[in-house]
Amino acid sequence: MNGLSTVLIVVGLFMLGGVYSFIKQKQSKSMVTVLALGSAMCLTAGILRLDLWA
């Protein structure tokens, strides 16, 4: 299941780039917050699934 971890991390980083872009474009705070939370969840799930601590 290492492939799923990689996909989750890549999607999380992509969404984090979207957060940066939305902040630069001065988009609404609620949209930035939702995107940041989604990014954090994807990154956390991807890192936890890597089995580094198993």
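The model shown is predicted, which means the values in this text are computed figures rather than measured ones.

Participant: For this particular structure, what's the right way to read the side chain of Ser 5?
Facilitator: Examined against the element boundaries, Ser 5 turns out to sit in helix H1 (residues 2-24). When near neighbours in sequence (up to four residues on either side) are disregarded, Ser 5 contacts Gly 46, Arg 49 and Leu 50.

Participant: I tried to follow the packing of H1 against helix H2 (residues 29-48) on my own but got confused; where do I start?
Facilitator: Between two packed helices, the angle of one axis relative to the other and the distance separating the axes together describe the packing. At a minimum axis separation of 8 Å, H1 and H2 run at an interaxial angle of 160 degrees. As summarised for this structure, H1 and H2 are arranged roughly antiparallel, according to the angle between their axes. Here H1 and H2 pass one another in a crossing that is left-handed. Together, Ser 5, Leu 8, Ile 9, Val 11, Gly 12, Leu 13, Met 15, Leu 16, Gly 18, Val 19, Phe 22 and Ile 23 of H1 and Met 31, Val 32, Leu 35, Ala 36, Gly 38, Ser 39, Cys 42, Leu 43, Ala 45, Gly 46 and Ile 47 of H2 make up the contact between the two elements.

Basis of the calculations
- Residues numbered from 1 in each chain as written.
- Predicted model: local features only at pLDDT ≥ 70, side-chain atom pairs only at ≥ 80, totals over all residues.
- Heavy atoms only, no water.
- Helix = DSSP H or I, 4+ residues; strand = E, 2+ residues; numbered from the N terminus.
- Contact = heavy atoms within 4.5 Å.
- Axes fitted to C-alpha atoms, helices over the stretch in contact; angles between N-to-C directions.
- Parallel < 35°, antiparallel > 145°, perpendicular 65-115°, else oblique.
- Left-handed = near helix turned anticlockwise from the far one by under 90°.

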